[in-house]
Amino acid sequence: MRLLFRFMGFLFAAGTIVFLVGVAAVAGLIWHFSKDLPDYSQLQNYEPPVMTRVHASDGSLLGEYSRERRLYLPIQAVPKLVINAFLAAEDKNFYEHGGIDYSGMARAALLYAQNFGSNRRPQGASTITQQVAKNFLLTNEVSFTRKIKEALLAMRIENTYSKDKILELYLNEIYLGLGAYGIAAASLVYFDKSVNELTVAEAAYLAALPKAPSTLHPVKNHDRAVERRNYVIDRLLENGWIKQADADAARKAPLAVTSRASGAHTFAGEYFAEEVRRDLFERYGEKKLYEGGLSVRTSLDPKLQVEARKAMAKGLVNYDEARGWRGPLSKLDISGDWGVKLADVKSLSDISPWRLAVVLETSEQSARIGFQPGRELGGAVSKGRQTGLITLDGVKWAKAASGPTRGKTPSTVSQVLSPGDVIYADPLIGKDGNVVEGQYRLRQLPEVSGAMVAMDPWTGRVLAMVGGFSFDQSQFNRATQAYRQPGSSFKPLVYSSALDNGYTPSTVVVDAPIEIDQGQGVGVWRPENYSTGKYYGPTTLRNALQRSLNTVTVRLAQDIGMPLIGEYAKRFGVYDELPNYLSYALGAGETTVMRMVTAYSMFANGGKRIKATLIDRIQDRYGHTIYKHDQRECRGCDAPGGWKNQAEPQLVDRREQVLDPMTAYQITSMMEGVVLHGTAQPAFAGFGKPIAGKTGTTNDEKDAWFVGFSPDLVVGVYIGYDKPRNLGRGATGGHLAAPIARNFLQLALADKPAVPFKVPAGIKLIRVDAKTGMRAGPGDSGRTILEAFKPGTAPPDNYSIIGVADADGHSGVSPDADRAIIRPGTGGLY
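Residues numbered from 1 in each chain as written. Predicted model: local features only at pLDDT ≥ 70, side-chain atom pairs only at ≥ 80, totals over all residues. Heavy atoms only, no water.

A. How the structure looks around the overall build of the protein chain. Tallying secondary structure elements over the protein chain gives 21 helices and 28 strands in all. Out of the 830 residues belonging to the protein chain, those deemed buried represent 50%. Contacts in the protein chain between residues far apart in sequence, at least 24 positions, make up 69% of those at least 6 positions apart. Counting every atom, the protein chain has about 39,200 Å² of accessible surface; 52% of that belongs to carbon and sulfur. (Helix = DSSP H or I, 4+ residues; strand = E, 2+ residues; numbered from the N terminus. Buried < 20%, exposed > 50% of the residue type's maximum accessible area, 1.4 Å probe, protein only. Contact = heavy atoms within 4.5 Å. Areas by Shrake-Rupley, 256 points an atom, 1.4 Å probe, with all protein chains shown as cover.)

B. Main features of unusual backbone geometry. Omega for the bond connecting S352 with P353 falls within 30 degrees of zero, at 10°, which places this linkage in the cis form. In this structure, P353 sits in the loop between α13 (338-343) and β7 (355-362). Phi at D700 is positive, roughly 60°, even though this residue is not glycine. Here D700 shows up in the loop between β22 (692-697) and β23 (703-710). Not every positive phi belongs to a glycine, and E701 is a case in point at roughly 50°. Structurally, the position occupied by E701 is in the loop between β22 and β23. Overall, E701 belongs to the buried group, its relative accessible area being 7%.

C. The sheet that holds strand β24 (residues 713-720), seen in detail. Strand order in this open sheet of 5 strands is β13-β12-β24-β23-β22, and the pairing throughout is antiparallel. Looking at strand neighbours, the two that pair on one side only are β13 (462-466) and β22, the edges of this open sheet. In this sheet, adjacent strand axes meet at a mean angle of 5° when their direction is disregarded. Direction of pairing for β22 relative to β23: antiparallel, over a ladder of 6 bridges. Within β23, the residue paired with K694 across the bridge is V707. Helix α21 (residues 733-748) rests against β12 (449-455), β22, β23 and β24 of the sheet, and its axis sits at about 145° to β24. (Pairing = 2+ DSSP bridges. Axes fitted to C-alpha atoms, helices over the stretch in contact; angles between N-to-C directions.)

D. Fine view of the nonpolar core. Core analysis: the largest hydrophobic core is formed by 134 residues, its most contacted members being M452, Y495, F572, F684 and F744. The greatest single-element share of this core, amounting to 9 residues, is contributed by helix α18 (residues 593-604). Once residues within four sequence positions are removed from consideration, F684 is found in contact with V675, I691, F706, A738, A741, R742 and L745. If you look at the next biggest cluster of nonpolar residues, it comprises 58 residues, including Y46, A85, L169 and A185. (Core = buried A, V, L, I, M, F, W, Y, C linked by side-chain atoms within 4.5 Å.)

E. α21, seen in detail. The sharpest bend along α21 measures roughly 25° and falls at P739. Burial in α21 covers these residues: G733, G734, L736, A737, A738, I740, A741, R742, F744, L745 and A748. Where α21 is buried, its residues touch α12 (302-322), β12, α20 (681-684), β22, β23 and β24. (Bend = angle between axes of the 7 residues up to and from the residue.)

F. View of a nonpolar patch on the surface. Residues V759, L765 and L786 make up a contiguous nonpolar surface patch of roughly 230 Å² in combined accessible area. Along the polypeptide, V759 turns up in the loop between α21 and β25 (764-769). (Patch = residues over 30% accessible without salt bridge, like charges linked within 9 Å, V, L, I, M, F, W, Y side chains within 5 Å. Salt bridge = Lys/Arg side-chain N within 4 Å of Asp/Glu carboxyl O.)

G. Examining the pattern of salt bridges more closely. Scanning the entire structure with this criterion turns up 45 salt bridges. The salt bridge partner of D616 is R461, with a shortest N-O separation of 2.9 Å. Of this pair, D616 sits in strand β18 (residues 615-619) while R461 is found in the loop between β12 and β13, placing the two residues 155 residues apart along the sequence. The partner of D500 in a salt bridge is K790, with the nearest N and O atoms 3.9 Å apart. Of this pair, D500 sits in the loop between α14 (491-499) and β14 (508-511) while K790 sits in the loop between β26 (784-789) and β27 (799-801), and the two are 290 residues apart along the sequence.

H. Seen up close, the packing of aromatic side chains. If you walk through the whole model with that rule in mind, you get 20 aromatic pairs. Ring centres 5.6 Å apart and planes at 70° place the aromatic pair Y600 and F603 in the edge-to-face group. Taken together, the positions of Y600 and F603, both in helix α18 and 3 residues apart, correspond to about one turn of that helix. Y600 sits in the buried class, given a relative accessible area of 0%. By relative accessible area, which is 1% here, F603 ends up buried. The structure contains a cluster of three or more aromatic residues connected by ring pairs, namely F572, Y600, F603, F709 and F757. (Phe/Tyr/Trp six-rings, centres within 6.5 Å; stacked < 30°, edge-to-face > 60°.)

I. Focus on the environment of G467. Relative to the assigned elements, G467 resides in the loop between β13 and α14. Sequence spacing of G467 and R478 is 11 residues, and the spatial spacing of their C-alpha atoms is 4.7 Å. Once residues lying within four places of it in the same chain are set aside, the contact partners of G467 are Y271, G450, F476, N477, R478 and A479.

J. Quick look at the packing of α14 against helix α19 (residues 661-677). Direction vectors running N to C along α14 and α19 enclose 135°, while the axes themselves pass 9 Å from each other. Viewed along their axes, α14 and α19 adopt a mutual orientation that is oblique. Classified by chirality, the crossing of α19 by α14 is right-handed. On α19, the residues touching P492, Y495, S496 and L499 of α14 are T663, Q666, I667, M670 and M671. Residues belonging to the contact of α14 with α19 are distributed by class as follows: 6 nonpolar, 3 polar and no charged. (Parallel < 35°, antiparallel > 145°, perpendicular 65-115°, else oblique. Left-handed = near helix turned anticlockwise from the far one by under 90°. Nonpolar A, V, L, I, M, F, W, Y, C, P; charged D, E, K, R; others polar.)

K. Representation of the environment of E577 within the structure. With respect to the secondary-structure elements, E577 resides in the loop between α17 (562-571) and α18. One polar contact links E577 to K570, side chain to side chain, over a distance of 3.2 Å. (Polar contact = N/O pair within 3.5 Å; in protein donor to acceptor, adjacent residues only side chain to side chain.)

Nothing here speaks to function; it is all geometry.
Rendered as structure tokens:
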């Protein structure tokens, strides 16, 4: 018996020693692997790369920019259904274990032993906490060392952070395929929904993805994806998180995904979105743009943007079609499956309702065309084939642009189209204004281009911007990047410089031939009016602007001096520096549509400086405003204690006054005359609402401009080839650009009342003779108008011409006079 006790004591002592050695070994291992563990405290300040989102003024999504498509979602905003789906798929005991699921580890160890030597990847038993440790702090290395470190980190993370915090980190970090990181982005990418709108089937599919998103592609691996989704649904039911009826319905639901565009989400907003992206890049740099999670509210008005795009495209197409049909885009072999071949042809995605098509067969009266098929999410060409007819009505415009039949209207469809022609077509509109079912109209991408900008003159907010016919065709933004000669649309800057320095709208200048000696070796410059050979003699500044008379403008620029005009051009932001050459008074310098619209906005708002902006406000990922365009001070807006019958809040506007408000009204009134009686009159006939503006046509008719405004909206348009060339005789701003602006303004102002331009305090409206500018008498039977005069000025009663006399000493107009400003005899400054 004594021996037995001694033997038992020996076993106990040996066991104790082995136990202690084992504990020491485990402690040693833990110490060994713990000494170089990553610092898990960084999770507290975790800032994942989050996409920047850009919104229009109405809140609609305009664009998203990111390297990893992720939207960070607090755990409180994640629906219980989505949480349960991921727990069912990944870690059903998440809220019960301390970071390690020992039963799961036992299963994984057993499987590893069974598969040892088979080269199969070991099955993991990682909890969600372990996955957080791996994804944030470790690598994807398959080894026991990494698993040990993962387990140690998981336990430390569990002791430091709440379960909800750990789950929040996991749901926002995981990659779920198709470029989507986190559940919020994946919900949008796969189903174009917020997480709160997901069904049981959709939530289960997203929860299935963390295991292997590439092998569970909804199209390429559809059956496997459905199988894994249904597995998650079964686990939800097994855990009592959904009802039997919900599970049955979810299993039967098709796996239908709705692909979400990654470009501009507002139709026709691509140029605007790209300009905002460039602005953000310049402000904050690449990292903050693509990873900073900025929320950007822009000034874009989606409705006005669509109307601007339509008006601009219509104007470009009308001009281009009038020049004739240049032929198909390319030729295609239509033998076999033409749809697969046509699907490989690059088509423009932003010119809807135009569609790429190939001509399948032709006859004298029609051509049968096949439209480019779409592609499925996996990239495969859709099997369906859609065809239509182009009849003679759809090609009547297509006169040959060259060759022996140039300019002749086609009498048959086969004269224009032949089998294999790759073209664009859109639905044919009948004479009643309705779409003709099954029939289409031939279309041609315009060679000519142009730009349009619409702006709020009081704030500088850009409401709409069109940078060309198609962003998909050319990303060059002609509204901001194309420097073109504005031509006569610059003249209001010249005239406002004069009006601001003593001249009046009734000041008379001689319209007659003029020669300018430009210096040694340069030669003599002889500016002419557009209507060459026609001169009007003594002409008021108002009438000169209405008729866009070049010789009057040059004489006026001579009189006031180019340095003064250059100062005003710089003040208005049209040019940074204006050379002191008289030709620049006629718009020979180069500027952009954006700059011109900004300058005209200062006429419209009474002379206040504004800065053009596409961005109203920028917030960081935490919702803090880091930029705001409107810098006006609001006194009384933050009154404590709410409304207590105190005085209304006041907006304090400290913006610089760049032009006298009375001068701004005078030039506005003169430009209103341009629209009512001058070069823009044909385009705006019968418009019915107050509009002021100025046309512009450059030398050799390379560019056609119109910039105009109502009291609350400014729009600028130019048309021209990217490589400037002649647009054709008669291609003036009044004939090309002004109609585009009119079409846009007609829609933009359709529901707005006809509000006249506000007359500033101090202005005197005096009736004058419309032709001479002299004060109208009581019985004056000629055409008279109300002219605006500043205090201390008045219309003249008679004129004398200084420095110009005939051989007999009588005053008159000399056609050879280089400078002839007619001075008012009485009453009036110049």
